[in-house]
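# Residue-level structural notes
Listed here are the chains, written in short residue letters.
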Amino acid sequence: MRSALYHHFGEPSNVLSLGDSPMPEPAINEVRIKTILAPIHNHDLSTIRGTYGYEPSLPAIGGSEAVGIIDAVGKKVKSLKVGQRVSVANVHNTWADYFVAPKHLVFPTPDSLDDEVAAQLIAMPLSALMLLEFLELKYGEWVIYNAANGAVGKNLALFAADRGINTISVVRRTDAKAEMENLGIDNIVSTDDDDWQEQVRAITGKQPITGAIDSIGGTASGELLSLLGTGGTIVAFSALSGQPMALNSGQLIFKEAAAKGFWGTKTSTSMPIERKRRLINELIERATSGKLHLPVAATYDLSEVTKAVSKDVQSDKNGKVLLKL
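### Concerning the packing of helix 7 (residues 196-204) against helix 8 (residues 219-227)
Close contact between helix 7 and helix 8 brings their axes to 11 Å; oriented N to C, the two are set at 30 degrees. The orientation of helix 7 with respect to helix 8, classified from their angle, is roughly parallel. The crossing of helix 7 and helix 8 is right-handed. Counting all contacts with helix 7, which are made through Trp196, Gln197, Val200 and Arg201, the residues of helix 8 involved are Glu223, Ser226 and Leu227. A per-class count over the contact of helix 7 with helix 8 returns 3 nonpolar, 2 polar and 2 charged.

Have a look at this one:
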C-alpha cells in the first residue's frame, strides 16, 4: 500500500517520501481502516522531527488522525462493522492507504458530516473540551490563552461561551481578530498592540483570571502568568516557539500559582470510555448543527505529502491541511 514514510528524524519536507508498506492486519481488538482523508497536525510534524513525547520506531509512517471506512475487524470486535465510516484519532500511521486502530479509539460518524469535518473531528476539538475540564473552570470564571486563532483556540472560545466561561483570546496579528469576531468570539487582543496586556486588564476589570493556556512557550508564557490571578493555573499545551517556558518564579510564588503540563494524547487515550463518548457525542452534535469550526486550508494527494508538510504550506494557514488517500 502507499504510505508517507520517513527513515530518520528531521524536517518533514526533507525526510518524508511516498513509499510502499505492507498491508497491516488488525489484532483481535482492532479494526483496519481504508483512509479517506487525514489531517496534518503540528504534533505530527513534531513527531517526524523527533521532538514529540512519542518516538516511533523507524522507518515510520506519519499521521495520527483520519476518517475512513472499516475494511476488516478483529475477532473480538463486535460493536463495529465492515463498511462503517469512522473517525479516529490518537493512533499512528494514518498517512497511508490503510491503518489499524484499537476499537475503543474508533467512533462511527453520521452521514450528515462531510469527510473534511469528520477527518479532524476529534484531536483538536476534543483537546479544547478536555482543557476546559482539566482547568476545572466554573461558570463566570475567566481563562486566557494564546495562539487563539488555531483550531483549538477558536473552538475553546465557542465551547466556553456555552458553559458561561469567559475567554480572552490572544493572537499575534491584528488581522486575525476579524476572523474570530466573525464567529461571534469576544474579547480578542493582539500582541501587535503595545498595550495588549492593559487591554486584558480593562476587559476583566477587578475579576481574576483563573486559568491560562500557553501554546507558544518562551516569553509568551511569562506574559500569561503576569495576567493570571492569585491561585490560578497556567497550562503548557504546546510550544510553537520551540523555547522553554520563561516563568517568573516570584510571580509563581506570590500568586500561589500552579504550572501544569497537558498532553492531549495521553489524556484522551487514558480517560474512561464513558467520558470520552460523552465528549465525542458533544462534538458530533455541534458539528451536525454547524457549531464546530473546522476549516480546511488545502487538500493534497498523498503523493504530494512533501509539499503538504512544507513550511510554505504550513505557515500562517487558515485551516487544516488534509491528505487525500
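### Quick look at helix 5 (residues 151-162)
Between its first and last C-alpha atoms helix 5 spans 17 Å; for 12 residues at 1.5 Å apiece the expected length is 16 Å, and the two agree. Along helix 5, the residues that are buried comprise Val152, Gly153, Lys154, Asn155, Leu156, Ala157, Leu158, Phe159 and Ala160. On its buried side, helix 5 packs onto helix 4 (123-134), strand 9 (142-145), strand 10 (166-171), helix 6 (175-181), strand 12 (209-214) and helix 11 (273-288). Two residues or fewer after helix 5 comes Gly164, characterised by a positive phi angle close to 75 degrees.

### Quick look at the sheet that holds strand 10
Taken in spatial order, the 6 strands make up an open sheet running 11-10-9-12-14-16, and their pairing is parallel. On the outer flanks of this sheet lie strand 11 (188-190) and strand 16 (258-261), each paired with one strand and no other. On average, adjacent strands in this sheet sit at an angle of 20 degrees to one another, irrespective of strand direction. Across the sheet, helix 8 lies against strand 9, strand 12 and strand 14 (233-236), angled at about 175 degrees from strand 12, the strand it touches most.

The rules behind the values
Residues numbered from 1 in each chain as written. Predicted model: local features only at pLDDT ≥ 70, side-chain atom pairs only at ≥ 80, totals over all residues. Heavy atoms only, no water. Axes fitted to C-alpha atoms, helices over the stretch in contact; angles between N-to-C directions. Helix = DSSP H or I, 4+ residues; strand = E, 2+ residues; numbered from the N terminus. Parallel < 35°, antiparallel > 145°, perpendicular 65-115°, else oblique. Left-handed = near helix turned anticlockwise from the far one by under 90°. Contact = heavy atoms within 4.5 Å. Nonpolar A, V, L, I, M, F, W, Y, C, P; charged D, E, K, R; others polar. Expected span 1.5 Å × (residues − 1). Buried < 20%, exposed > 50% of the residue type's maximum accessible area, 1.4 Å probe, protein only. Pairing = 2+ DSSP bridges.

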